[in-house]
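# Secondary and tertiary structure notes
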Amino acid sequence: MSDLLEIRNRIDAIDGQILDLFKERMSCAAEVAEYKRDTGKPVYDAARERDNIQRAADRAGAGLEHYAAVLESLLMEASRDAQYRRLGKSSAAATTVAAALASQPPYFPERAFVACQGVEGAYQQLAVDRLFKRANIAYFETFDAVFSAVERGIVKFGVLPIENSTAGSVNHVFDLMMQHDFHIVRTCRLKIDHNLLAKPGQRKEDVHIIYSHQQAISQCADYISTFPDVRVHVTENTAMAARMVAESDRDDVAALASAACADLYGLEVLERSVQDLQNNYTRFACISRDLTIYPGADRSTLMIETKHEPGALYKVLARFYALDINLVKLESRPIPEREFDFMFYFDVDCPAAAPEFQTLMNSLSDVCEEFRYLGSYTEVL
Ligand SMILES: C=C(O[C@@H]1C=C(C(=O)O)C=C[C@H]1O)C(=O)O
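Owing to the predicted nature of the structure, the values given are computational and were not obtained by experimental measurement.

A word on the overall build of the chain. Counting secondary structure elements, the chain contains 13 helices and 15 strands. A globule of 381 residues ought to have a C-alpha radius of gyration of about 21 Å, yet the chain, at 27 Å, is considerably larger. When its C-alpha atoms are laid out on the principal axes, the chain stretches across 80 × 60 × 40 Å. Taking all 381 residues of the chain together, the buried fraction comes to 46%. In the chain, of all internal contacts separated by at least 6 residues, the share reaching a separation of at least 24 is 76%. Across the chain, the centroid of the 41 positively charged side chains sits 4 Å from that of the 56 negatively charged ones.

Right, here's the structure in full:
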């Protein structure tokens, strides 16, 4: 058996040779970049890359072809990245981001006209109060109507829930994102405490119907299962549930909603903080029609459609990895009327003004079918 140290010495020598060749390859890429600058040829050449991968796999032979193909892709990824940097080429998305950064307002507005779904006392309203010092709120019945009000310029901002730490993403909102034109300008995280609310004098033992929004019902599933005989009614939002209880002439109904709703609708809190996990947070997005990047924006959201083939998502993730950009959320939603094609939503942790973000914006289109930049923002905790 060979001595481990001796084998490792051989590996080190091979790595040295590979690195010298890598540097040589990269300087060829720099020459290619200059040729492309003169001729206006695009950096990415899909046919050439396909041939290179095929050749590498064939040459590596049985058992190694997959590794060789991945290695060749990584080499070309690095070479493309260096070419983009050298040429300082700006894609439409990178130009949009640069223009938004150049016309950055000094601060996020304190007052605004804001759309949200539901009625007074809904968690969205609490989120609006967290995001703005003084907001005039226009309530709409559906999330779709909030998107439309922003898109049509009826209001400057809209506030929508996007994910909960217990129940997961608000799928309906993610699905609507595909249908509307908007930008995310800020997000906030709110601790959510659900309470069992009923009319004054009502006893918990007599409750047979519980009204609430689907998300609150999911977040209180264990609690609801402790009621021996109860029916659950889904409502548009938690504040509507509280209002239905207040307006009901039955004496066996209760709602799961915020404590603020108890005061608003003249109800009593029968039990406080009944969510299954005490650490229950919801993230809300503040959207606007125009792209504005406010100071301090260090997160961005991208909508990406990949090819329906092996490794498609991997190639996108490799871009983030190559640029040392951390992902804070990845969500996938089926694209309507397409069989098993998915839209991916990425939240990345990277200042909008950082050079690596510019490089990302310049090179993403090489690795996906389509992408849409939804904005860069700060998350308010
Ligand atoms: C270097 C080139 O640019 C890109 C990178 C490639 C590579 O590193 O081999 C191949 C094709 C292009 O997408 C080239 O066009 O040859």
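Moving on from the model shown.
On to helix α1 (residues 4-39). Side chains of residues three or four places apart in an α-helix project in the same direction, reflecting 3.6 residues per turn. For α1, with 36 residues, the first-to-last C-alpha span of 51 Å sits near the 52 Å given by 1.5 Å per residue. Taken as a whole, α1 has its buried residues at A29, A33 and K36. Residues of α1 that are buried in the fold lie against α3 (65-87).

In the region of the ligand, the neighbouring residues are R25, V32, K36, V43, Y44, D45, R48, E49, N52, M76, S79 and Q83. Between an oxygen atom of the ligand and a side-chain N or O atom of K36, the distance comes to 2.7 Å. Interatomic distance of 3.3 Å between a side-chain N/O atom of N52 and an oxygen atom of the ligand. Calculation on the ligand without its partners gives an accessible area of 360 Å², and the protein chains cover 90% of this total. Taken together, the residues of the shell around the ligand sort by class into 4 nonpolar, 3 polar and 5 charged.

On to the UniProt feature "domain: Prephenate dehydratase" (unreviewed entry) in the chain, then. Within this structure's numbering, the places UniProt gives as "domain: Prephenate dehydratase" (unreviewed entry) are residues 113-289. When the span residues 113-289 is considered, its composition is 29% helix and 35% strand, and the gap between its end C-alpha atoms is 13 Å.

Moving on, we get to the pattern of salt bridges. Scanning the model with the defined rule gives 27 salt bridges in all. Where R10 meets E6, a salt bridge forms, and the shortest distance between an N and an O atom there is 3.5 Å. Here E6 and R10 lie together in helix α1, a separation of 4 residues that amounts to about one turn. When its relative accessible area of 35% is taken as the criterion, E6 is described as partly exposed. Here E379 makes a salt bridge to R189, at a shortest N to O gap of 3.6 Å. In this pair, E379 is assigned in strand β15 (residues 370-380) and R189 in strand β5 (residues 183-191), connecting sequence segments 190 residues apart. R189 sits in the partly exposed class, given a relative accessible area of 33%. Because the salt bridges share partners, they merge into one network encompassing E163, R189, R283, R299, K329, E331, D347 and E379.

All right, on to the nonpolar core then. Ranked by internal contacts, the top residues of the largest apolar core, which has 27 residues, are L302, L360, M361 and L364. Looking at this core, the elements with two or more residues in it are α4 (92-102), β12 (299-305), α12 (312-322), β14 (342-349), α13 (355-363) and β15. With 4 residues, the single largest contributor to this core is α4. Core analysis: the next-biggest nonpolar cluster, separate from the first, contains 26 residues, V146, V155, L374 and Y377 among them.

With that out of the way, let us pick up the domain arrangement of the chain. For the chain, the assigned domains read domain 1 (1-89), domain 2 (91-105 + 293-381), domain 3 (111-192 + 281-288) and domain 4 (195-271). Using only C-alpha atoms to locate each centre, domain 2 and domain 4 end up separated by 40 Å.

Turning our eyes to something else, we now look at the side chain of S91. Inspection of the secondary structure assignment puts S91 in the loop between α3 and α4. When near neighbours in sequence (up to four residues on either side) are disregarded, S91 contacts M361 and N362.

Conventions used here
Residues numbered from 1 in each chain as written. Predicted model: local features only at pLDDT ≥ 70, side-chain atom pairs only at ≥ 80, totals over all residues. Heavy atoms only, no water. Helix = DSSP H or I, 4+ residues; strand = E, 2+ residues; numbered from the N terminus. Rg over C-alpha atoms; globule rule 2.2 N^0.38 Å. Buried < 20%, exposed > 50% of the residue type's maximum accessible area, 1.4 Å probe, protein only. Contact = heavy atoms within 4.5 Å. Lys, Arg positive; Asp, Glu negative; His and termini not counted. Charge placed at Lys NZ, Arg CZ, Asp CG, Glu CD. Expected span 1.5 Å × (residues − 1). Near = heavy atom within 4 Å. Polar contact = N/O pair within 3.5 Å; in protein donor to acceptor, adjacent residues only side chain to side chain. Areas by Shrake-Rupley, 256 points an atom, 1.4 Å probe, with all protein chains shown as cover. Nonpolar A, V, L, I, M, F, W, Y, C, P; charged D, E, K, R; others polar. UniProt positions renumbered as here; feature names shortened; annotations may be inferred. Salt bridge = Lys/Arg side-chain N within 4 Å of Asp/Glu carboxyl O. Core = buried A, V, L, I, M, F, W, Y, C linked by side-chain atoms within 4.5 Å. Domains from an automatic or database assignment.

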